[in-house]
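Chains, contacts and geometry: an overview
Given next are the chains, with one letter for each unit.
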Amino acid sequence: MQRNFLFVSAENDAIPACKAGGMGDVVRDIPRHIAESGDSVHVLTPAYGRLHKKGAFLQELHFIYRGQPTTAFLYEVQGKRPVANIKHYVIDHPDIKSGNIADIYMNDFTQPFFTDACTFSLFCVAAAEAIKEDAFKKLDIVHLHDWHTSLMLFLRRYHYDYKDPLEKIRFVYSIHNLAIQGIRPFDGNYSSLKAFFPYVDYNEEELKDPRYPDCINLMALGIRFADTVHTVSDSYKENIQQPSNFPHFIGGEGLEEDLKNAQEEDRLFGILNGCNYKNYTTVRRGKLYPHALRALLAGMEDQEKAYKHEFLRHTSEKVIALVEKKPAFICSSVARLTEQKFYFFKEDPALLESMLRRLKKDNGVYILLGTGAPDYEELFRSFSYAHENFIFINIQSEEVIDSLYLESNVYLMPSLFEPCGISQMLAMRNGQPCMVHNTGGLKDTVIHNKTGFVFGGETFEEKKINFMQVFDALLILFFENKDKWRAISREAKKQKFTWQSSVKLYYSLLYKITYNVPQTEKSKARRTKKNTDENVMK
């Protein structure tokens, strides 16, 4: 019997130009493995004013929002590659627009989440209306991702139009980043719960933020109301049930009691994200610098990035210098420039300076690719001007990213916290050791001096000291003990964090239904058994 799934998310990397971070990878990969088992998957995101333009119009969605009737439009769009049993959809509405972060999210400086809460509250009502109208046929599971989609659980619990149709479906809620919680006022603001749903009766006690009682916490909403709650690694699940002690330890960020309640109710599960090990895009070795120069040139031709043109020219000159004199060692990072990813360098720029000085001794460079918070971009631009061996590629380019995963010598993830992390898996897939902070999914995937390098400590000061100790030791190892380095690289490449294993746990723990073994797995099992039987007979 074929089961019917709907994934609702802000990102979906299975379609072009709909990714800002690792959530896009997850929403791309899990449906593929569900579909392989014979079940049907629909994936739904906002159109952001652009993703619907090459899509096929399906239907109008009429509903009440802000107390007024409005209409949104449902489109089916093509994936980057066709996959049987998967369909992709976007919802268009004049008020659902592109943001200034990856053309998806909006960075509101004065009122965090103001614009995004407006965007995603509208999207959630339209998604609920689509379910009510059977746009995806009869659904068995709706899988929500992060705070952007949690208002569907509000509609399921309180809204007179959607309570009945949504209560018949099992809702799963995945936490990709607990630190981003979507906190907005209950009332008195254009971007508030009462403004979105003025005629819906709800219980503030069930919705309020534990620290700001006059606000709704949309991340908490998902944790409290979902049938099952999922975090993207087991260590992160344990971390977030403890209170934070910034910056020494990042835990539940005010929601630890909600998470402990979910754990006690047997609704909270930690399942490590997987990595794709077949049919993925590959780049040729030796193309890092040409890819970088092409991407930088394209950035300089983009008039929307005119404010970056001078710096992109500066970066191009540094890349050309690398072509003329190749470095002996490349350390790299690819990430959104946020507190989560690079707080160590922002809080103590001397740490980055020490790292660059140590690299210079061995003709090494640090290449960082990313965009994000203006203060972090400014920090790294200033370091690029000051240090010849720091190359800051302040644009996005899949080709350059893939080349860094392939051609760097060590991949650096100094994340303050990390729910799971995908970058370390992608680098390890190519046999590249990673240096990571001992937190969350990073400590679940990297073993110190066996598959990579791990730094840690009880306090932030201890962590910074250990960072330089570990970094110094890995450089010595690379240059003075090639056999040991190659052994670590081989072990890194051997690690397999497969989606197949994770999705089987999704079925048993999150979806509470039987997993249908794909025919390919059955055939492999039969071949293995046949070979075993033949060897026994011999």
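The coordinates are above.
Owing to the predicted nature of the structure, the values given are computational and were not obtained by experimental measurement.

1. Re the sheet that holds strand S7 (residues 170-175)
- Taking strand neighbours across the sheet as the criterion, the nine strands line up as S3-S4-S5-S2-S1-S6-S7-S10-S11 in an open arrangement whose pairing is mixed. Whereas interior strands pair on both sides, the edge strands pair on one side only; in this sheet they are strand S3 (56-65) and strand S11 (268-270). Going from strand to strand, the sheet's axes swing by 25 degrees on average, the running direction of each strand aside.
- Sheet topology places strand S4 (residues 68-77) next to strand S5 (residues 86-92); five bridges connect them, and they run antiparallel. Residue pairing across strands places Val77 opposite His88, the latter belonging to S5.

2. Some points on the environment of Phe344
- Turning to its location among the elements, Phe344 is positioned in helix H12 (residues 339-347).
- By relative accessible area, Phe344 is classed as buried at 0%.
- Each C-alpha atom, one on Phe344 and one on Glu36, is 42 Å from the other, the two residues being 308 residues apart in sequence.

3. A closer look at helix H18 (residues 460-480)
- Along its 21 residues, H18 runs 30 Å from first to last C-alpha, staying within 8% of the 30 Å computed at 1.5 Å per residue.
- Within H18, the full set of buried residues consists of Phe460, Lys463, Lys464, Phe467, Met468, Val470, Phe471, Leu474, Leu475, Leu477 and Phe478.

4. Some remarks on the nonpolar core
- Ranked by internal contacts, the top residues of the largest apolar core, which has 141 residues, are Phe154, Phe345, Met355, Tyr366, Phe380 and Tyr511.
- Top contributing element to this core by residue count: helix H2 (residues 114-132), with 12 residues.
- Residues Leu322, Ile367, Ile401 and Phe497 belong to the second largest nonpolar core, which totals 38 residues.

5. A short note on the sheet that holds strand S16 (residues 434-437)
- In space, the six strands of this open sheet follow the order S14-S13-S12-S15-S16-S17, with parallel pairing throughout. Both edges of this open sheet fall to strand S14 (390-393) and strand S17 (453-455), since each of them pairs with a single strand only. Geometrically, the sheet is characterised by an average inter-axis angle of 20 degrees between neighbouring strands, direction not taken into account.
- Across six bridges, the pairing between strand S12 (residues 329-334) and strand S13 (residues 364-369) is parallel. In the sheet register, Phe329 faces S13, and the bridge partner there is Gly364.

6. Describing helix H11 (residues 309-324)
- Here H11 contains 16 residues, and its C-alpha end-to-end distance of 23 Å stays within 8% of the 22 Å for a straight helix at 1.5 Å per residue.
- All buried positions along H11 are accounted for by His309, Phe311, Leu312, His314, Thr315, Ser316, Lys318, Val319 and Leu322.
- Buried positions along H11 lie against helix H10 (288-301), S13, helix H14 (374-386) and S14.

Thresholds, definitions, all that
- Residues numbered from 1 in each chain as written.
- Predicted model: local features only at pLDDT ≥ 70, side-chain atom pairs only at ≥ 80, totals over all residues.
- Heavy atoms only, no water.
- Pairing = 2+ DSSP bridges.
- Helix = DSSP H or I, 4+ residues; strand = E, 2+ residues; numbered from the N terminus.
- Axes fitted to C-alpha atoms, helices over the stretch in contact; angles between N-to-C directions.
- Buried < 20%, exposed > 50% of the residue type's maximum accessible area, 1.4 Å probe, protein only.
- Expected span 1.5 Å × (residues − 1).
- Core = buried A, V, L, I, M, F, W, Y, C linked by side-chain atoms within 4.5 Å.
- Contact = heavy atoms within 4.5 Å.

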